[in-house]
Amino acid sequence: MASIGGNYNPEAEPSGGYTPMVVGEYTLEIVESEYKATQSGTGMVLACKAQVVGGEYDQRPYYLNYNLENDNEIAVEIGQREFAGLRRATGVLAPDDTEELHFKQFRVKIGIQEKKIKVNGVKKGTGEMENVVKQYLFEDEGAPAVAARPASNDNRQAATPAAAKAKPWAKPAR
């Protein structure tokens, strides 16, 4: 049991659920990462928590997973290709530690697809929609350069304040 008295807002509205971001190009930066075993235990996945930088979805979390080691060769091939895209987009081509990728802004094209889950080894649609990275954008391929902006973590200068519109993913002010 844990005491939480006074550590929540009793007036807070319940979450309206997850709503995917609009299809388009976004600037992201990785704020956390972990290299961990897959759920099945047959490989390793690089799990990254990123956040949107700027625009309507400023500071909204976005999760990226790269299946870098696995018994399934196709999963590894896809994971390695996607991770290569991230490395090129951030300019960190040969990281020794995942922290080297933290707070490096990069651009992506985000799309929407039906969320799928495995049921008895078969992927089935859930009817829910989710965002997916369709493409990593690189400066040398005509993608706009990422504008310099202060990092959004607590250890660095705070980002410029966003519009007054409340964002459901934002932490309430204390």
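Coordinates for the structure precede this section.
Residues numbered from 1 in each chain as written. Predicted model: local features only at pLDDT ≥ 70, side-chain atom pairs only at ≥ 80, totals over all residues. Heavy atoms only, no water.

Chemist: Talk me through the packing of aromatic side chains; I want residue IDs and the actual numbers.
Modeler: One pass over the structure, following the stated rule, counts three aromatic pairs. Here tyrosine 26 and tyrosine 57 contribute two aromatic rings whose centre-to-centre distance is 5.9 Å and whose plane-to-plane angle is 65°, an arrangement assigned as edge-to-face. Of the two residues, tyrosine 26 is situated in strand 1 (residues 24-37) and tyrosine 57 in the loop between strand 2 (43-52) and strand 3 (61-70); the sequence distance between them amounts to 31 residues. Classification of tyrosine 57 as buried rests on a relative accessible area of 9%. One Lys or Arg, arginine 88, reaches over the ring of phenylalanine 138 and ends 4.1 Å from the middle of that ring. (Phe/Tyr/Trp six-rings, centres within 6.5 Å; stacked < 30°, edge-to-face > 60°. Helix = DSSP H or I, 4+ residues; strand = E, 2+ residues; numbered from the N terminus. Buried < 20%, exposed > 50% of the residue type's maximum accessible area, 1.4 Å probe, protein only. Lys NZ or Arg CZ within 6 Å of the ring centre and 35° of its normal.)

Chemist: Break down the sheet that holds strand 5 (residues 122-137) for me, citing the residues and quoting the values.
Modeler: With antiparallel pairing, five strands are arranged side by side in an open sheet as 3-2-1-4-5. The open sheet is flanked by strand 3 and strand 5, the only strands paired with a single partner. Within the sheet, the average angular offset between the axes of one strand and its neighbour, ignoring direction, is 30°. Where strand 4 (residues 106-119) meets strand 5, twelve bridges bridge the pair, whose relative direction is antiparallel. Counterpart to isoleucine 112 in the pairing with strand 5 is asparagine 131. Together, strand 1, strand 2, strand 3, strand 4 and strand 5 form the strand contacts of helix 1 (residues 73-90), whose direction differs from that of strand 3 by roughly 130°. (Pairing = 2+ DSSP bridges. Axes fitted to C-alpha atoms, helices over the stretch in contact; angles between N-to-C directions. Contact = heavy atoms within 4.5 Å.)

Chemist: Explain the pattern of salt bridges to me, and be specific about the residues and the numbers.
Modeler: Enumeration according to the criterion identifies two salt bridges in this entry. The salt bridge involving arginine 107 is made with glutamate 25; its shortest N-O contact spans 3.2 Å. In this pair, arginine 107 sits in strand 4 while glutamate 25 sits in strand 1, placing the two residues 82 residues apart along the sequence. Residue glutamate 25 is classed as partly exposed on the basis of its relative accessible area, which comes to 38%. A salt bridge links glutamate 77 to arginine 81; its shortest N-O distance comes to 2.8 Å. (Salt bridge = Lys/Arg side-chain N within 4 Å of Asp/Glu carboxyl O.)

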